[in-house]
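What follows is the residue order along each chain.
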Amino acid sequence: MSDERTPLVTPGVCGLTMATCGTLADTPPDSPPDTREISKEPRKLNTFFGVMVPTILSMFSIVLFLRTGFVVGHAGLLQGLVMVVVAYIIIMLTILSICAISTNGAIQGGGAYYMISRSLGPEFGGSIGLMFFLAKVFACGEYVLGLVEAILDVFGMDAEMPISEGVRVLRQGYWYTVLYSSVILLLCLVVCLVGAHIYSRMGFGILLLVTVSLLSVFISSLAVKPQSFVITHGNQSLRYNASYTSFNLTTLKNNLGSGYSLDYSTNSVMSFSTVFAVMFTSCTGIMAGANMSGDLETPSVSIPKGTIVAVIYTFIVYILLFMLVSATCDRTLLIQDYGFLQRINIWPPFVTIGIYCGALFAAMCSMIGASRILHALAMDQLFGLPLAPATITTKSGNPWMAVLYTWGLAQCVVFAGQLNAVASLVTVFYLLAYAAVDLACLALEWASAPNFRPTFQFFSWHTCLLGILSCLVMMFVINPVYSSASIVLLLVLLFFLHYRSPTSSWGYVSQALIFHQVRKYLLMLDVRKDHVKFWRPQVLLMVANPRSSCQLILFVNQLKKGGLFVLGHVQLGDLDSLPSDPVQLQYNFWLSLVDKLGVKAFVDLTLSPSVRQGTQHLLRITGLGGMKPNTLILGFYDSCTPEDFFLQDTAFCGIAAGQGAEGEYNFGVDLPSLQAHFPPVRHVESPRWLSPEEYVGIIADAVKMNKNVCLGRYFFHLEGEGKQSKVDGSERTIDVWPLNLLQPGCRDYQDVCSLFLLQMACVLNMSSKWRHARMRIFLNVESESSDQGWVVNEETFRELLKKLRIRASIKIVPWDSVVQHHTRSGGEEESHALNGEFLLAVNSMLMEHSSQAAVRFLYLPRPPAHHSFSQMYLAQLEAVTNGLGPTLLIHGVTPVTYTDL
């Protein structure tokens, strides 16, 4: 327990600065270091410059001036407005999720990736983050191609014209397009290498120019008179007569319906999905402000406010512009000339400047946003060495290597040569990223975590779920092939990251969701509705020292059959005399042990003055509701010197001990710490924690509490139970002796304890490492007795096995020579004492028939009622099982078999 001066929250947990939460000196020494460095450059960008400007310009990008006519011309005004409304509904649903997540705590660099990874965990966050990075890279290439298209529209030479005329001095063709795109990308690279702040200040100037260009478009619709144009495309012989009619009702009516036709740039017929894909690229800029989260002064305030204002503004502009061009331009002009707005402007350079500025800024915005995402991915070390160089930054904190990565990939994208060719892929990637943001918010909302308290309240799980569904539906409407491929890529990345097992200190929303659902199901698990045919072992295994008990732990893991498995340990002590509870500090070591062994077990520790009293506590309080232990398993109480498993298994020693992912978060427990925590195994002369009377008392307590009891002996001889073992049991034999060998007069093979013994052996035979093992059941008979009822009993027993669907061979073992030694000694111990020769004979019989078995199941007699017979009871068990090998002595008290359907 921390002292009274310990800070309530550690630095970084509350998400505030070090000055607010405390200094680094206050950080607990065992807390994992955060791999994300604090930027040396102070956050300077406000809502307007950091969020509104980049978001508006990214959403205008190239669609505003170069594809508005394309959308309205092919889809018509009505379907065009439907596209705009649908697109903005999708992004508004996503924006609600972004606002909720961004106002729930401090946001570092990485934008959407940071939000998703810190909400959904490293696997999902890393995979979506990488795909969002790729979407940004493709968008950057798309904007550059659109800018080159606009430049060639003004300055490009016609292929049929050997001599340039006027300003048309740029040659056209595929490779020339790639060349011009590369030059523009190089310009973007230079600006992004300088830093985010010059880029954001430049953005304000570009926004002013774009606004002036946009105003000129609206003014021109009133000032420019109707006119006609003749449009040709390169060396094509087709000539199109198009016209600008100014505001005309007939033009508006003609443009209301759709008219999908051939697109002159890609030479393919358009459809609703292909046009929507191009139009939706205008909506891919909603995270431009969020991606600058590492540079914003107050990201939790700026991101919601700036993004919502920017989206509302661009929505109004697009609606007005769609209606404007529908009422003033005929369909031929809209379809056959992407740059028609220049033709009908009072001064064409207005539109030209707007196109160039908007496209250039959108390309820079995508490049710098992608570099921030990549830098965040690299800092989190999710993809290891390939992204390691992306962590390098300048003295001011600008990730210049991540910028170079982004530039190189964007350079590859421009080889597509046409804007419309990559529009569908960009849209699909963005929609998948938006769906992930909605999923993150939905998971946080469904988890009902008390710390999920966003200041932005205008969202619900309904909006999140609707956002996910709408994104997924539109993905497959746009391009089923790209959508399927992107989801496959996402799954591959998920499995890759899951295989790498990157643990982190971010918190996992999956844990919160699991807790939320498990609580509900535990309440539904009503013990009053339990039925014997659905019984399964729910085990509490008491462990004194894991160093000598690992083989038994691994064996019980196979024995649980999907049931509850709890490792219990009693720490001797009295809390009244201690300053704090020592048990709380041990849980991480035990959980790390469970991870190392690869068993599916819980851990429950307690502090008690005695082991017996502590075991009672664990039997009573371990588990919840219907998931409580019904079986207690103990190691055997004998004088054998235990072996140290930690010195035998490569997971705990040798070369493998030093292996592990660099920077892996291990919850404060590395292998040397784990080795040092558990004490050395007990020597022969070492004092025992437990007296024979206390040990037998634990067995008696469990029986009184209606718990089944198992005692495991010689399990340190058992091999092949580890997680790396490929044993399937084909060479193994399971021997079952269902008769109480210490009471020869008892011939009941169908009592509760015998049936429980059979059930446990059958459960083991169904596990992965024992499924091909042969099971043998030994029936002890007195063949020389005048009473031949054992023949009938044998047939009855075979019929019972058939009803219980237990596949096993039955071995008849005459034990007349053993029974003849069964004579009780006189005196007050008569009811508990057994002749030593009889015990030796029983042991010899077991050695004769079961010496080659992998494991043996024996009947455990009921413990004596008085503690004075405890040592005698243990001596009898030790004599019977001496030298046998792995043996499980079982006393069952609950019915576990059922013959009906």
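Residue numbering note: each chain is counted from 1, following its sequence as written. Where local features are concerned, this predicted model is filtered to residues with pLDDT of at least 70; where side-chain atom pairs are given and counted, the filter is 80 or more; whole-chain, interface and lining totals use all residues. Processing note: side-chain calculations cover all non-hydrogen atoms of the structure and skip hydrogens and water entirely.

Novice: Got a sec to walk through the nonpolar core? Specific residues and values, please.
Specialist: Residues belong to one nonpolar core when they are buried, are Ala, Val, Leu, Ile, Met, Phe, Trp, Tyr or Cys, and are joined through side-chain atoms within 4.5 Å. Each residue is placed in one exposure class: buried if its accessible area under a 1.4 Å probe, protein chains only, is under 20% of its type's maximum, exposed if it is over 50%, and partly exposed if it falls in between. Residues Leu64, Ile91, Phe280 and Ile286 are the most contacted members of the largest nonpolar core, which totals 161 residues. Helix and strand assignments follow DSSP, with helices taken as H or I runs no shorter than four residues and strands as E runs no shorter than two, numbered in order from the N terminus. Here this core takes 20 residues from helix 16 (residues 419-447), the largest share from any one element. Setting aside residues up to four positions removed in sequence, Leu64 forms contacts with Val210, Leu214, Val317, Tyr318, Leu321 and Leu341. Counting residues in each nonpolar core, the second largest holds 62 residues, with Val539, Val556, Val599 and Ile777 among its members. Note on contacts: a residue pair qualifies if any of its non-hydrogen atoms lie within 4.5 Å across the two residues.

Novice: Describe the sheet that holds strand 11 (residues 774-781), listing the residues and the values that go with them.
Specialist: Strand pairing is assigned whenever DSSP detects at least two bridges linking the two strands. With mixed pairing, the 10 strands of this open sheet are ordered in space as 7-6-5-8-9-14-13-10-11-12. Lying at the two open borders of the sheet, with one neighbouring strand each, are strand 7 (602-608) and strand 12 (809-814). Taking the axes of each pair of neighbouring strands and ignoring which way they run, one obtains an average angle of 25° across the sheet. Bridging between strand 13 (residues 855-859) and strand 14 (residues 887-891) involves four bridges; their strand directions are parallel. From the neighbouring strand, Leu858 faces strand 14, where its bridge partner is Leu889. Between the N-to-C directions of two axes lies an angle of 0 to 180 degrees, each axis being a line fitted to C-alpha atoms and, for a helix, fitted only over the stretch in contact. Taken strand by strand, helix 25 (residues 752-765) contacts strand 8 (631-635), strand 9 (708-713), strand 10 (733-737), strand 11, strand 13 and strand 14, and its axis lies near 165° from that of strand 13. Here helix 29 (residues 870-881) sits on the sheet and contacts strand 9, strand 13 and strand 14; the angle it forms with strand 9, its principal contact strand, is near 55°.

Novice: A description of helix 2 (residues 47-60) should follow, citing residues and the corresponding values.
Specialist: For an α-helix, 3.6 residues make a turn, and residues three or four places apart therefore share a direction. Every helix has an expected span of 1.5 Å times one less than the residues it contains. Helix length check: helix 2 (14 residues) gives 18 Å between terminal C-alpha atoms against 20 Å at 1.5 Å per residue, within 8%. The element helix 2 is largely enclosed, with a buried count of 13 among its 14 residues. For helix 2, the N-terminal cap is Asn46; the gap from its side-chain oxygen to the backbone nitrogen of Phe48 is 3.3 Å. Phi for Ser61, located one or two positions after helix 2, is positive at around 35°. Any N or O atom pair separated by 3.5 Å or less is treated as a polar contact, with the protein-specific requirement of one donor-capable and one acceptor-capable atom, and with residues adjacent in sequence counted only for side-chain atom pairs.

Novice: Can you lay out the pairing of strand 11 for me, pointing to particular residues and giving the numbers?
Specialist: Working note: regular strand, side chains alternate between the two faces of the sheet. Most of strand 11 sits out of view: seven of its eight residues are buried. Pairing of strand 11 with strand 12 involves six bridges; the strand directions are parallel. The residue bridging Arg776 from the neighbouring strand is Ser809, located in strand 12.

Novice: So what's going on with helix 20 (residues 550-559)? Which residues, and what values?
Specialist: Across the 10 residues of helix 20, 10 count as buried, placing the element largely inside the fold. By the burial criterion, the buried members of helix 20 are Cys550, Gln551, Leu552, Ile553, Leu554, Phe555, Val556, Asn557, Gln558 and Leu559. Positive phi appears at Lys561, one or two residues downstream of helix 20, with a value of about 50°.

Novice: I'd like a rundown of the packing of helix 7 (residues 174-194) against helix 14 (residues 349-379), residues and numbers included.
Specialist: One way to put it is that helix 7 packs onto helix 14 with a least axis distance of 10 Å and a crossing angle of 60°. One finds that helix 7 runs oblique with respect to helix 14. Crossing hand, helix 7 versus helix 14: right-handed. Taken together, the residues of helix 14 that come into contact with helix 7 (itself represented by Ile184, Leu185, Leu187, Cys188, Leu189, Val191 and Cys192) are Leu360, Ala363, Met364, Met367 and Ile368. Amino acids are sorted into nonpolar (Ala, Val, Leu, Ile, Met, Phe, Trp, Tyr, Cys and Pro), charged (Asp, Glu, Lys and Arg) and polar (every other residue, Gly among them). For the contact of helix 7 with helix 14, a count of residues per class yields 12 nonpolar, no polar and no charged. By the definition adopted for this analysis, an angle is roughly parallel if under 35 degrees, roughly antiparallel if over 145, roughly perpendicular if from 65 to 115, and oblique otherwise. By the definition used in this description, the sense in which the near helix is turned from the far one sets the handedness, with an anticlockwise turn below a right angle giving left-handed and a clockwise turn giving right-handed.

Novice: Now, about the pattern of salt bridges: what can you tell me, with residues and values included?
Specialist: Each reported salt bridge corresponds to a side-chain nitrogen of Lys or Arg within 4 Å of a carboxyl oxygen of Asp or Glu. Here the structure, examined in full by the defined rule, presents seven salt bridges. Two residues, Arg343 and Asp337, come together in a salt bridge whose shortest N-O distance is 2.3 Å. Between Arg776 and Asp735 there is a salt bridge; the shortest N-O distance is 2.8 Å. Highlighted residues: Arg776 in strand 11 and Asp735 in strand 10, separated in sequence by 41 residues. Here Arg776 falls in the buried class, since its relative accessible area comes to 17%. Residue class for Asp735 comes out buried when judged on its relative accessible area of 0%.

Novice: Describe the confidence of the model for the protein, naming the residues involved and giving the relevant values.
Specialist: Residue-level pLDDT values for the protein average 82, and 85% of them are 70 or greater. Each residue carries a pLDDT score, the predictor's own confidence in it, on a scale running from 0 to 100. In the predicted structure, residues 1-40 sits below a pLDDT of 50 and forms 33 contacts with residues beyond four places in sequence or in another chain. Confidence over residues 655-664 falls short of pLDDT 50; this stretch has seven contacts with residues more than four positions distant or in other chains.

Novice: Which residues make up the side chain of Asn479, and what are the values?
Specialist: Assignment of secondary structure puts Asn479 in the loop between helix 17 (461-478) and helix 18 (480-500). Its relative accessible area of 17% is what places Asn479 among the buried residues. In this structure the side chain of Asn479 is engaged in a polar contact, spanning 3.1 Å, whose partner is the backbone nitrogen of Val481. What Asn479 contacts, discounting residues up to four positions off in sequence, is Ser424 and Val428.

Novice: Give me the packing of helix 24 (residues 692-704) against helix 29: which residues, what numbers.
Specialist: Here helix 24 crosses helix 29 at 80°, and the two axes come no closer than 8 Å. With respect to each other, helix 24 and helix 29 are oriented roughly perpendicular. Side by side, helix 24 and helix 29 meet where Pro692, Glu693, Tyr695, Val696 and Ile699 of the first sit next to Ser870, Gln871, Tyr873 and Leu874 of the second. Taken together, the residues that form the contact of helix 24 with helix 29 break down as six nonpolar, two polar and one charged.

Novice: Which residues make up unusual backbone geometry, and what are the values?
Specialist: You will see that Ser246, though not glycine, has its phi angle at about 60°, which is positive. Its location among the elements puts Ser246 in the loop between strand 2 (239-244) and helix 9 (249-254). A residue is classified by how much of its surface remains accessible, and Ser246, at 14% relative accessible area, is buried. You will see that Tyr714, though not glycine, has its phi angle at about 65°, which is positive. Relative to the helices and strands, Tyr714 is located in the loop between strand 9 and strand 10. Residue classification places Tyr714 among the buried positions, given a relative accessible area of 9%.

Novice: If you had to explain the side chain of Asp604 to someone new, which residues and values would you point to?
Specialist: Note that Asp604 resides in strand 7. Neither His nor the chain ends contribute to the count of charged residues, in which Lys and Arg are positive and Asp and Glu negative. No salt bridge forms around the buried Asp604; measuring N to O, its nearest opposite-charge neighbour Lys628 is 8.1 Å away. Engagement of the side chain of Asp604 in a polar contact is seen with the side chain of Thr622, the distance being 2.9 Å. When near neighbours in sequence (up to four residues on either side) are disregarded, Asp604 contacts Val566, Leu567, Gly568, His569, Tyr587, Leu618 and Thr622.

Novice: I'd like to hear about the pairing of strand 8, residue by residue, with values.
Specialist: Taken across its five residues, strand 8 has four buried, putting it largely inside the fold. For strand 5 (residues 539-542) and strand 8, the ladder comprises three bridges, and the chain directions are parallel. Counterpart to Leu540 in the pairing with strand 8 is Leu632. Pairing of strand 8 with strand 9, which is carried by five bridges, proceeds in the parallel orientation. Residue pairing across strands places Leu634 opposite Leu711, the latter belonging to strand 9.

Novice: Can you explain the packing of aromatic side chains? Please cite residues and give values.
Specialist: Here the distance between the centres and the angle between the planes together describe a pair of aromatic rings. Under the pairing criterion, centres of Phe, Tyr and Trp rings, with the six-membered ring standing for Trp, must be within 6.5 Å; the plane angle then separates stacked pairs below 30 degrees from edge-to-face pairs above 60, leaving the rest tilted. According to the stated counting rule, one finds 30 aromatic pairs in the structure shown. The interplanar angle of 90° and the centroid separation of 5.7 Å between the aromatic rings of Phe132 and Tyr430 together place this pair among those described as edge-to-face. A residue pair is termed long-range when its members are at least 10 positions apart, and Phe132 in helix 6 (residues 122-155) and Tyr430 in helix 16 qualify at 298 residues. Residue Tyr430 is classed as buried on the basis of its relative accessible area, which comes to 0%. One aromatic cluster is present, formed by Phe60, Tyr313, Tyr318 and Phe322 through successive ring pairs. By definition here, charges over rings are those cases where NZ of Lys or CZ of Arg is within 6 Å of the ring centre and within 35 degrees of the ring normal. Taking NZ or CZ as reference, Arg67 lies 5.9 Å from the ring centre of Phe70, over its face. The residue whose ring lies beneath Arg67 is Tyr338, and the NZ or CZ to ring-centre distance is 3.7 Å.

Novice: Could you give me a rundown of a nonpolar patch on the surface, with the residues and numbers involved?
Specialist: A cluster of nonpolar side chains, Leu209, Leu215, Ile219, Ile346, Trp347 and Ile353, forms an exposed patch at the surface whose accessible area comes to about 550 Å². No other element matches the three residues that helix 8 (residues 196-223) contributes to the nonpolar patch. If you trace the backbone, Ile219 turns up in helix 8. Each patch is assembled from residues with relative accessible area greater than 30% and no salt bridge, linking like charges that lie within 9 Å and nonpolar side chains (Val, Leu, Ile, Met, Phe, Trp, Tyr) that lie within 5 Å. The method behind every accessible area is Shrake-Rupley, applied with a 1.4 Å probe, and residues are considered shielded solely by the protein chains displayed.

Novice: So what's going on with the environment of Phe276? Which residues, and what values?
Specialist: Tracing the sequence through the fold places Phe276 in helix 10 (residues 272-280). Overall, the relative accessible area of 0% leaves Phe276 in the buried class. In this structure the C-alpha to C-alpha distance between Phe276 and Val84, which are 192 residues apart in sequence, comes to 8.7 Å. Not counting chain neighbours up to four residues away, the residues in contact with Phe276 comprise Met83, Val86, Ala87, Met474 and Ile478.

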